[in-house]
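Coordinates in review
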Amino acid sequence: MPQSVDDGKKRFHLHRELLYPPLEFLLELIDMTKRHLIIATRESPLALHQAKSIKALLIEHHPYLAVDLLGITTQADKHLDVVLTEIGGKGLFVKELEEALLDGRADIAVHSMKDVPMELPSGLCLPVIGKREEPRDVFVSNRYASLAQLPNGASLGTSSLRRQTQLRAIRSDITFRHLRGNINTRLNRLDQQDFDAIILAAAGLKRMNLGSRIRSYLSTDELLPAAGQGALGMECREGDEHTLASIAPLNDIVTHDCIIAERALCRRLGGGCQVPVAAYAQIHHGVLLLRGLVANREGTRILRAKLEGDYRHAESIGMRVAEELLQQGAEKILSEFK
């Protein structure tokens with residue numbers, strides 16, 4: 001059959017659009033190929049490794065995205081010989097990174113969630129939390145296989161009040177000694193026999209391919225983790241739609257809801273690294289179980305509370321577990337540390 005005039009016009013316009021795409025499409029293509037994000041990160045080996053892993057995931061989801069790292073040495077990294085509680089707590093791990101977000105030098109800051117203060121600066125948000133790595137703490141030693149094998153009077157390295165207070169309840173006979181620094185620094189001090197053993201987060205060792213240094217895992221019944229332990233968070237400016245859309249695919253819903261519950265508990269208690277508060281949530285079949293803990297300095301009094309509920313009410317569950325701990329006397333215990 002002969003080609004109709006209408007068919008001919010359609011083919012002409014289709015051919016013309018292939019050769020000369022609409023301006024809107026061209027602008028969208030140009031925008032897509034020129035997108036650029038800057039990730040602020042601490043300059044410790046673990047922090048850089050974590051930021052690079054986020055960079056790789058972003059490029060995997062957005063092949064045309066250019067991603068650069070902005071390394072920043074924080075105040076906490078500059079004062080490794082001082083106990084964190086004496087210079088402002090773990091918030092010093094993120095303060096300079098947040099300043100880079102606020103002044104526009106960076107678009108995203110990647111944090112270990114256990115280092116992030118419970119209150120964020122005005123204008124910033126924490127919309128994305130990646131899938132959680134192993135949340136437990138681990139026992140590392142060159143001579144002993146477990147905490148139980150340490151002899152009386154042995155030295156155990158950790159600067160975490162959360163760890164010290166819980167472990168004192170198990171082993172009041174050992175000596176807890178101050179230990180800070182990046183993972184390699186801590187392992188080197190152990191190798192130099194400054195300590196009989198040290199306690200570290202499993203997640204950091206595994207991310208740095210140092211899992212072979214783990215002698216044993218401490219169960220969450222023995223040592224309840226810090227809120228957010230094992231998870232990475234991505235902080236950015238509120239209202240930065242381009243960045244928010246770019247990082248959204250990296251959010252892990254299960255981890256995100258668990259961290260919301262854990263942080264809600266700590267926020268209600270005023271918890272941070274200055275106080276021995278622990279919180280750990282898990283979700284199974286849509287049910288969120290949150291466990292919380294507050295301990296005194298000597299580990300002679302440990303308060304525990306837990307609650308199950310719909311994961312969609314994660315924040316409410318966190319608040320309710322905190323309230324139960326307060327009813328047991330948590331405020332009086334925590335006042336010792338403030």
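Residues numbered from 1 in each chain as written. Predicted model: local features only at pLDDT ≥ 70, side-chain atom pairs only at ≥ 80, totals over all residues. Heavy atoms only, no water.

1. Notes on the pattern of salt bridges
Just so we agree on the cut-off: Between Lys or Arg on one side and Asp or Glu on the other, a salt bridge is scored when a side-chain nitrogen of the former is within 4 Å of a carboxyl oxygen of the latter. Partly exposed describes any residue whose relative accessible area lies between the buried limit of under 20% and the exposed limit of over 50%, with all areas from a 1.4 Å probe on protein chains only and scaled to the type maximum.
The full count for this structure, using the stated rule, is 18 salt bridges. A salt bridge links Asp 194 to Arg 189; the nearest nitrogen and oxygen atoms lie 3.2 Å apart. Asp 194 sits in the partly exposed class, given a relative accessible area of 26%. According to the relative accessible area criterion, Arg 189 is partly exposed, its value standing at 26%.

2. A word on the sheet that holds strand S13 (residues 302–310)
As a reminder of what qualifies: At least two DSSP bridges between two strands are needed for those strands to be called paired. In this description a helix means any DSSP run of H or I spanning at least four residues, a strand means any run of E spanning at least two, and both kinds are numbered starting from the N terminus. Each axis is a line fitted through C-alpha atoms, and for a helix only the stretch in contact is used; angles between axes span 0 to 180 degrees, taken between their N-to-C directions. Residues count as neighbours in contact if any of their non-hydrogen atoms are within 4.5 Å of one another.
Sheet architecture is open: three strands sit in the order S11-S12-S13, paired in antiparallel fashion. Each edge of the open sheet carries a strand with a single partner, namely strand S11 (277–284) and S13. In this sheet, adjacent strand axes meet at a mean angle of 15 degrees when their direction is disregarded. Summarising the sheet, S11 and strand S12 (residues 287–295) pair through eight bridges and their orientation is antiparallel. When the bridges of S12 are listed, Ala 281 appears paired with Leu 290. Of the strands in this sheet, S11 and S12 are in contact with helix H11 (residues 253–269), which crosses S11 at around 150 degrees.

3. Describing the pairing of strand S5 (residues 137–140)
Going residue by residue along S5, you find Asp 137 and Phe 139 tucked away on one face and Val 138 and Val 140 tucked away on the opposite face as well. As paired strands, S5 and strand S8 (residues 197–201) are joined by four bridges and run antiparallel to one another. In the sheet register, Val 140 faces S8, and the bridge partner there is Ile 198.

4. Focus: the packing of H11 against helix H12 (residues 314–327)
A pair of packed helices can be characterised by two numbers: the angle between their axes and the separation between those axes. To be explicit about the condition: By convention the crossing between two helices is left-handed if the near helix lies anticlockwise of the far one by an angle smaller than a right angle, and right-handed if it lies clockwise. Gly falls in the polar group here, along with every residue not listed as nonpolar (Ala, Val, Leu, Ile, Met, Phe, Trp, Tyr, Cys, Pro) or charged (Asp, Glu, Lys, Arg).
At a closest axis distance of 7 Å, the pairing of H11 and H12 adopts a crossing angle of 35 degrees. In terms of crossing hand, the pair formed by H11 and H12 is right-handed. Residues Asp 257, Ile 260, Ala 261, Ala 264, Leu 265, Arg 267, Arg 268 and Leu 269 of H11 pack against Ala 314, Glu 315, Gly 318, Met 319, Val 321, Ala 322, Glu 323, Leu 325 and Leu 326 of H12. Each residue belonging to the contact of H11 with H12 can be placed in one class, and the counts come to 11 nonpolar, one polar and five charged.

5. Overview of the sheet that holds strand S6 (residues 155–157)
The five strands are arranged S7-S6-S8-S5-S9 in an open sheet whose pairing can be described as mixed. Each end of this open sheet is capped by a strand with a single partner; those strands are strand S7 (175–177) and strand S9 (216–217). In this structure, S6 lies alongside S7, joined through three bridges in parallel fashion. Opposite Ser 155, over in S7, you have Thr 175 as the bridge partner. Helix H8 (residues 183–191) rests against S5, S7 and S8 of the sheet, and its axis sits at about 165 degrees to S8.

6. Remarks on the layout of surface pockets
Applied cut-off: Think of a 1 Å grid over just the protein atoms. A cavity is a set of points where a 1.4 Å probe fits yet cannot get out, a pocket is an open set with protein on both sides within 12 Å along at least five of seven lines, and lining residues have an atom within 4 Å of a point. Grid points are joined across faces, edges and corners, and a volume is the space filled by probe spheres set on the points.
Approximately 260 Å³ is the volume found for the second largest pocket. If you go around the second largest pocket, you meet 14 residues; those closest to its centre are Ile 54, Leu 57, Gly 130, Lys 131 and Arg 132. Listed by contribution, the elements that provide at least two residues to the lining of the second largest pocket are helix H3 (45–61) and strand S10 (232–237). Looking at the lining of the second largest pocket element by element, the count peaks at four residues for H3.

7. Notes on the nonpolar core
What counts, and what does not: To define a nonpolar core, start from buried Ala, Val, Leu, Ile, Met, Phe, Trp, Tyr and Cys residues and group those joined through side-chain atoms within 4.5 Å.
With 27 residues, the main nonpolar core has Leu 265, Leu 269, Val 277, Leu 288, Leu 290, Val 294 and Leu 325 as its most contacted residues. Of all the elements in the fold, those that place two or more residues in this core are H11, S11, S12, S13, H12 and helix H13 (330–334). With residues up to four places along the chain from it excluded, the contact list for Leu 265 reads Val 277, Ala 278, Ala 279, Leu 290, Gly 292, Gly 318, Val 321, Ala 322 and Leu 325. Ala 51, Ile 54, Met 234 and Leu 250 belong to the second-largest nonpolar core, a separate cluster that totals 16 residues.

8. Here we look at H11
Side chains that are three or four residues apart share a direction in an α-helix, a result of its 3.6 residues per turn. Here is the rule: For a helix, the expected span equals 1.5 Å multiplied by the number of residues minus one.
The end-to-end C-alpha distance of H11, which contains 17 residues, comes to 25 Å, matching closely the 24 Å that a straight helix rising 1.5 Å per residue would cover. Taken as a whole, H11 has its buried residues at Thr 255, His 256, Asp 257, Cys 258, Ile 259, Ala 261, Glu 262, Arg 263, Ala 264, Leu 265, Cys 266 and Leu 269. In this fold, the buried residues of H11 make contact with strand S4 (124–129), S11, S12, H12 and H13. Residue Gly 270 follows H11 closely and has a positive phi angle near 75 degrees.

9. Quick word on the environment of His 242
Inspection of the secondary structure puts His 242 in helix H10 (residues 241–247). Excluding residues that lie within four positions of it along the chain, His 242 makes contacts with Arg 35, His 36 and Leu 37.

10. Brief notes about the side chain of Ser 216
Here is the rule we go by: The definition of a polar contact used here is a pair of N or O atoms within 3.5 Å, where within protein one atom must be able to donate a hydrogen and the other to accept one, and adjacent residues in sequence count solely through side-chain atom pairs.
Here Ser 216 shows up in strand S9. Of the polar contacts made by the side chain of Ser 216, one reaches the backbone oxygen of Ala 145; its length is 3.2 Å. Those residues in contact with Ser 216 that sit more than four places away from it in its chain are Val 138, Phe 139, Ala 145 and Ser 146.

11. Quick look at the pairing of S4
The buried count for S4 comes to five of six residues, which makes it a mostly enclosed element. Pairing geometry for S4 and S10, over four bridges, is antiparallel. By the bridge assignment, Ile 129 is partnered in S10 with Gly 233.

Scope: geometric values only; no functional claims are made or implied.
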